[in-house]
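# Understanding the architecture of this molecule
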Amino acid sequence: MAALNVSGLRKRYGDNEVVAGLSFAVEPGTCFGLLGPNGAGKTTTLRLCLGLTAPDGGTITLAGRPIPAEAQQARAKVGVVPQFDNLDPDFTCAENLRVFGRYFGLKDAEVRARIPTLLDFASLANKADAKIATLSGGMKRRLTLARALVADPDIVFLDEPTTGLDPQARHLIWERLKQLKSAGKTLILTTHFMDEAERLCDRLIVIDHGRKIAEGSPRELIATHIEPQVIEVFDEAAGKLPAFVDAHRQHAERVEASGETAFFYCRDAQPLLAALATADGLRYLHRAANLEDVFIKLTGRELRD
Ligand code: ADP
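Because the structure is predicted, anything quoted here is derived from the model rather than measured.

Rules and cut-offs
Numbers given to residues run from 1 along each chain, matching the order in which its sequence is written. Selection of residues for local features in this predicted model requires a pLDDT of at least 70, selection of side-chain atom pairs for listing and counting requires 80 or more, and totals for whole chains, interfaces and linings are taken over all residues. Heavy atoms from the whole structure form the basis of all side-chain values; hydrogens and water molecules are not counted. The term nonpolar core refers to a set of buried residues drawn from Ala, Val, Leu, Ile, Met, Phe, Trp, Tyr and Cys, joined through side-chain atoms within 4.5 Å. Accessibility here uses a 1.4 Å probe with only protein chains present; expressed as a share of the type maximum, an area under 20% marks a residue as buried, one over 50% as exposed, and anything in between as partly exposed. The domain limits used here are those given by an automatic or database domain assignment. Two residues form a contact once any of their heavy atoms are found within 4.5 Å. Nearness here has a simple test: a residue counts as near a molecule or strand if at least one of its heavy atoms is within 4 Å of that partner. Polar contact is the term for a pair of N or O atoms within 3.5 Å; when the atoms are in protein, one must be able to donate a hydrogen and the other to accept it, and sequence-neighboring residues count only if both atoms are side-chain atoms. Secondary structure elements are taken from DSSP: a helix is a run of H or I of four residues or more, a strand is a run of E of two residues or more, and numbering for both begins at the N terminus. Three residue categories are used. Nonpolar comprises Ala, Val, Leu, Ile, Met, Phe, Trp, Tyr, Cys and Pro, charged comprises Asp, Glu, Lys and Arg, and polar comprises the others, including Gly. In short, DSSP must find at least two bridges between two strands for them to pair. Here the axes come from fitting lines to C-alpha atoms, over the contacting stretch only for helices, and the angles between their N-to-C directions go from 0 to 180 degrees.

### Some details on the nonpolar core
If you look at the biggest cluster of nonpolar residues, it comprises 53 residues, and the most contacted ones within it are L35, L143, L158, L177, L204 and L291. For this core, the domains that each give at least three residues are domain 1 (4–77 + 153–222) and domain 2 (227–288). Setting aside residues no more than four positions away along its own chain, L158 makes contact with V81, L145, L177, L187, I188, L189 and T190. One finds V18, A71, A74 and I205 within the second-largest nonpolar core, a separate group that totals 27 residues.

### Observations concerning the site of the ligand
All residues in the neighbourhood of the ligand are listed as Y13, N16, V18, P37, N38, G39, A40, G41, K42, T43 and T44. A distance of 2.8 Å is found between an oxygen atom of the ligand and a side-chain nitrogen or oxygen belonging to T43. Per element, the largest residue contribution to the shell around the ligand is three residues, and it comes from helix α1 (residues 42–49). Partitioning the shell around the ligand into residue classes produces four nonpolar, six polar and one charged.

### What about the sheet that holds strand β3 (residues 31–35)?
Strand-to-strand pairing in sheets goes through backbone hydrogen bonds, with the strands running parallel or antiparallel. Ordered by their spatial adjacency, six strands build an open sheet running β6-β7-β8-β3-β9-β10, and the pairing between neighbours is mixed. Single-partner strands in this sheet number two, and they are β6 (78–81) and β10 (211–216). Put simply, the sheet's adjacent strands are angled 15 degrees from each other on average, direction ignored. Bridge count between β3 and strand β9 (residues 203–208): four bridges; the pairing is parallel. Bridge pairing in β9 places L34 opposite I205. Here helix α8 (residues 218–225) sits on the sheet in contact with β9 and β10, set at roughly 105 degrees to β10.

Below, the structure is given as structure tokens:
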């Protein structure tokens, strides 16, 4: 049985159909990604799945329970890491965990017994008595993650878990999420970072305007939607890029210009690399196609504010 099953989900705010017939299933013990540009409907979808917002149509089953009818029972099996940390600033790390355990109806002794393990998991073993205000952004995120685990959930929802963190802090969160997956937890994740999705997600969907526009493993999506090799060519202020693009666009399946950079998407990169070897005033980067290329191809390069 799927940990989460969503079928024909719809939600409208006024004239705006924010979720427009979304279906997907999340297998237990996997990490499932929900990707899409700003305003695509990711947060609304998470809120619908948790029973925090009522759908206009469709069905949701979470942890074997129909949502929203049995959301309360389902949420006993679910931990949530919200987009913005909402730890209680007046309490210490340990107190935040205790208070949250109480919300879940856990006995105080039970939570107290779990706190050292949770703080250890968050690499905050020496911060039990530290006030929230004294923690770095990375520490707060890890405490929020530990807090989501207070009732030992089977399923953890994570809304942009590493936004705003420095590289070291992100890597530590990734390690912890991999540990949770190894322990058999199901992770449901939204993120704007394609490297994060590529690293963590077993499967993902890309949504835009409330509709699913692609689904698969990161590897499948890259193989299906995009040419395997990318050469990014940068103009070194000599103004030579437009002429180079015109002269060599036949060497790529697709070329996209973005400011001072041209992206050549190729099956065979050799002809273009040969041309670049003798080109003046240009720099280039030759790399394998990645999930970000897929995302940009599917959702476009225009800004979504
Ligand atoms: P994402 O998480 O992908 O950025 P959201 O689910 O937050 O997208 O929002 C999708 C759209 O729904 C946006 O256009 C947003 O303005 C709108 N929206 C979200 N919540 C509400 C609400 N409570 N009332 C009205 N519009 C909303």
